[in-house]
Amino acid sequence: MFIYPMASFLQMTIYYLLTYLLFIKTSAFISISTIIFLIIELSCIIFFYLSIINNPLLKKIITSIGLIYLLFFLLYMIDRGILIDLPIQFYFLQSLIILFFAVFHLIDLFSDKPRLNLLNEPSFWITIGVLLYFICVIPMYVGGK
């Protein structure tokens, strides 16, 4: 799970160095790094939920949704090129997909035998954080172009 925040940190650090210290126009870097970050983000979250969910059906659903989205993403990149700005719909769709994964985990968590203390379940806290973050960013994408 450390890859996810590290990818964001590296993306922002390199952007800052290129833009503000070296005064290099970075539109190509922004496009490529955003695409890489979105793929890393979704992949990390898929692997996290696949490792903690016990229900085989939910695992298949998560894998299928992730593969379909990544295939759609790849086909879009092949058709339009890698140096384009992604439409806001990609961010919105990916946020919804990640929210579904978090809900799937909560369903799996509460359908299994009762946990004595959810406060001591790291996966519960990660899922709550994912839910809060992606619920808060979705309104930004709803009104976007």
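A few points on the structure.

What counts, and where the lines are drawn
- Note that residues are indexed from 1 along each chain, following the sequence as it is written.
- pLDDT decides what is reported in this predicted model: residues at 70 or higher carry local features, side-chain atom pairs at 80 or more are listed and counted, and totals for whole chains, interfaces and linings draw on all residues regardless.
- To get the side-chain values, all heavy atoms of the structure are used, and hydrogens and water are removed first.
- Residues forming no salt bridge and having over 30% relative accessible area are the ones grouped into patches, like charges within 9 Å of each other and nonpolar side chains (Val, Leu, Ile, Met, Phe, Trp, Tyr) within 5 Å.
- Residue exposure ignores everything except the shown protein chains as possible cover, and the areas themselves are Shrake-Rupley values with a 1.4 Å probe.
- Take a side-chain nitrogen of Lys or Arg and a carboxyl oxygen of Asp or Glu: if they are within 4 Å of each other, that pair is a salt bridge.
- Counting from the N terminus, the helices are DSSP H or I runs at least four residues long and the strands are E runs at least two residues long.
- Remark: exposure states derive from per-residue accessible area (1.4 Å probe, protein chains only) relative to the maximum for the residue type, with buried under 20%, exposed over 50%, and partly exposed in between.
- Whether two residues are in contact is decided by their heavy atoms, any of which lying within 4.5 Å being enough.

Bringing a nonpolar patch on the surface into the picture now. There is a patch of nonpolar side chains on the surface, built from Ile3, Met6, Phe9, Leu10 and Ile14 and spanning about 460 Å² of accessible area. Assignment of secondary structure puts Leu10 in helix α1 (residues 3-21). Here Leu10 falls in the partly exposed class, since its relative accessible area comes to 42%.

Once that is clear, we can look at the side chain of Ser95. Structurally, Ser95 is set in helix α4 (residues 88-111). Setting aside residues no more than four positions away along its own chain, Ser95 makes contact with Phe134, Val137, Ile138 and Tyr141.

Quick look at the environment of Cys44 now. Tracing the sequence through the fold places Cys44 in helix α2 (residues 27-52). On the basis of relative accessibility, which here comes to 13%, the residue Cys44 falls in the buried class. Separated by 40 residues in sequence, Cys44 and Tyr4 place their C-alpha atoms 6.4 Å apart.

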